[in-house]
Structures are given as structure tokens and as C-alpha cells.
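Tertiary structure, described
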Amino acid sequence: MNVTVLSENTKPKQSNLKTEHGLSLLIEKDGYKVLFDTGGPIGTAIQNAKLLNLELSQVDAVVISHGHNDHTGGLLDFFKLNDNAPVYLKKEALNPHYTGSGSDKKFIGMDDKISADYKERLKFVDGTSEILNDFFIIPNIYKKFPMPSTNRILYSKEGNQFLIDKFNHELFMAVKSNNEITIFSGCGHLGIKNIFITAIEAFPDTKIKTIVGGFHFQAGKISSFTVKSKEIECTSRLIKSEGVKKVYTGHCTGKYGFEIMQSILKDSIEMFYTGKKITI
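Residues numbered from 1 in each chain as written. Predicted model: local features only at pLDDT ≥ 70, side-chain atom pairs only at ≥ 80, totals over all residues. Heavy atoms only, no water.

1. Structural notes on the environment of M110
With respect to the secondary-structure elements, M110 resides in the loop between β7 (104-107) and α4 (112-117). C-alpha of M110 to C-alpha of G43: the two residues are 67 residues apart in sequence and 14 Å apart in space. (Helix = DSSP H or I, 4+ residues; strand = E, 2+ residues; numbered from the N terminus.)

2. Points about helix α7 (residues 254-265)
With twelve residues, α7 extends 16 Å between its outermost C-alpha atoms, agreeing within 8% with the 16 Å of an ideal straight helix rising 1.5 Å per residue. Buried residues along α7 sit in contact with α6 (229-241), β16 (246-249) and β17 (269-271). Just downstream of α7, K266 is the residue with a positive phi angle, here 55 degrees. (Expected span 1.5 Å × (residues − 1). Contact = heavy atoms within 4.5 Å.)

3. Let's talk about the pairing of strand β11 (residues 154-158)
In terms of strand pairing, strand β6 (residues 97-101) meets β11 through three bridges, oriented antiparallel. The residue bridging T99 from the neighbouring strand is L154, located in β11. Across four bridges, the pairing between β11 and strand β12 (residues 161-164) is antiparallel. Counterpart to K157 in the pairing with β12 is F162. (Pairing = 2+ DSSP bridges.)

4. Regarding unusual backbone geometry
Despite not being glycine, D37 shows a phi value in the positive range, around 65 degrees. In this fold, D37 is placed in the loop between β3 (32-36) and α1 (44-51). Residue classification places D37 among the buried residues on the basis of a relative accessible area of 0%. (Buried < 20%, exposed > 50% of the residue type's maximum accessible area, 1.4 Å probe, protein only.)

5. Describing the environment of L94
For L94, the position within the fold is in the loop between β5 (87-89) and β6. Taking the relative accessible area as the measure of exposure, L94 reaches 29% and is therefore partly exposed. Once the C-alpha coordinates of L94 and K209 are considered, the two residues, 115 residues apart in sequence, prove to be 32 Å apart. If we skip the residues at most four places from it in the chain, L94 touches L89, M110, S115, L122 and F124.

6. Focus on the nonpolar core
If you look at the biggest cluster of nonpolar residues, it comprises 33 residues, and the most contacted ones within it are I183, I208, I211, V247 and M261. Of all the secondary-structure elements, those providing two or more residues to this core are β10 (135-138), β13 (172-177), β14 (180-185), α5 (192-202), β15 (207-213), α6 and α7. If you look at the next biggest cluster of nonpolar residues, it comprises 25 residues, including I27, L171, V212 and Y248. (Core = buried A, V, L, I, M, F, W, Y, C linked by side-chain atoms within 4.5 Å.)

7. Here we look at the sheet that holds strand β18 (residues 277-279)
The strand order across the open sheet formed by seven strands is β8-β5-β4-β3-β2-β1-β18, and the pairing between neighbours is mixed. In this open sheet, the two edge strands, each paired with only one partner strand, are β8 (122-124) and β18. Strand-to-strand twist in this sheet, taken as the mean axis angle between neighbours without regard to direction, amounts to 25 degrees. Here three bridges tie β5 to β8, and the two strands are oriented parallel to one another. Bridge pairing in β8 links V87 to L122. Running at roughly 125 degrees to strand β1 (residues 2-7), α1 makes contact with β1 and β2 (24-29) of the sheet. (Axes fitted to C-alpha atoms, helices over the stretch in contact; angles between N-to-C directions.)

As C-alpha cells, this is what we get:
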């Protein structure tokens, strides 16, 4: 399985690729191509795919991890390139989402044109589904452990009321190879520990080999707004105790979160960046 990071917050200095706050991964396995999230509204994922000579017109399916525009911002441009691939998401991802503090709220939800103009492309999932051979979507995530404290500036809107987001619009993807799986997480707003234990129960006879994605230890672009080190350490120890061979992370994990995880996971964890190619 090959994974290309089409869009992420960072890139090597010498790279000519574009960056923005967001995430998009192109996953290729056994002849299938799956786009996991589409990056932010600037459209860097689509632009970078062209620069990397990757044909998004050949993508078989799109998976949207949750309804924030740093993961859905490239969808409208994707639709112009690909008129076949279904887009899998939870129906709650279409609800309005905001960030901010006090009365200052900024809209960070999906563009209304997505559901208005491309409704037939959207496939809502409410139960574990195998969308392609060995590609599974898991939409119902356990809430045994607390969610990351960085969620406290994130809201959903019901009528005229802003409510702390419960992230019922989040899902994750698992890709199976023999008796091992790789977990793909967009931001892990419900907590990577909750995603982890959900995956263990969903695939009781398999081993979690790899985890790829963001862990939301940092809120948005605010590097000083992070979770407590204890939360990060606890997550890292769970991953280590379960024998995960490799973790690739970035985006909302943040430098602070990564350094603490690395102190526990050592060589088993690696930071990804725009343009990085991963072989699993």
C-alpha cells in the first residue's frame, strides 16, 4: 500500500508544492485509489496532485473524515476532475460547524455547494462498511475515553444556538492487509484512543499495524493551544502497549504533541509533510 500526502500544514524547504492548514491523503492498494480527505479551501491538494503527476480522475472513492473545511475544501475542485467517484461521509458532516471563543465564531463547515450541486455523489454511512475490497469505513466511534481538550473551541450550530461539537460527524477508515490493518484518522477529534479501541473491536482477529493521520493535540493553527502532556503520554503508551509498528502523524498533532509521542514511541513514529510518500 502506498500513501501520498497531497496536502498538509508543512513541506520541506526546497519543495515547490503548496501548503495550507488541512489534510489530504491519496491511498493506493491493489489497483484501487482512495482519496482520504481533500485538504483546505485554497485547493492545495488538487494543485499538488497535478504537480506530482497524480491523476485524480482515476480515484475510485473519496472518504471524508469529518465536516470541517480543512478536510473538505478541495471537494468542489475534485468534482471537476472526477465525475464518477462516490464520496463517503456521515450525514452530520453537512451540518454547520464553527470555531472561536466568546461571540466571535468563524464558520469552518463544508461549502453548501457540495450538497446543493453534487448531492448524488454523496454516500452517507451509518454503519461499518466495506466500500472497496479491504477498505472499511467505521462511522460509530466509542467514547470510552475523554475527547481531546482542544475541542473546546469547536462548535456545531442548531438553529441559532452554538453548541460544543460532539463530533457525531467524524469517522475513520481502516485498510486491511492479510491479518493486519492500517488506521486512517483525519483529526481524531473523538480521541485517537477511542478510535483505536473501536478498531480493535471491529477487527478482533487482526493486528493494528500502522496509524496514519492527525491526533488533534493542537487546535488549528494556534501552536500554544494544546492538550496537556498527560493526554499525549497516555495515548502514546496505549499505542506502544498494543504493538503498533509505525505511526505517521502531522496536521493537528502539532510539534509539541509529536515530540512527546516521539519520546515514548521512539523510531516507531514519524512526522509526515506535504509530498511525503509512505509505503506500508
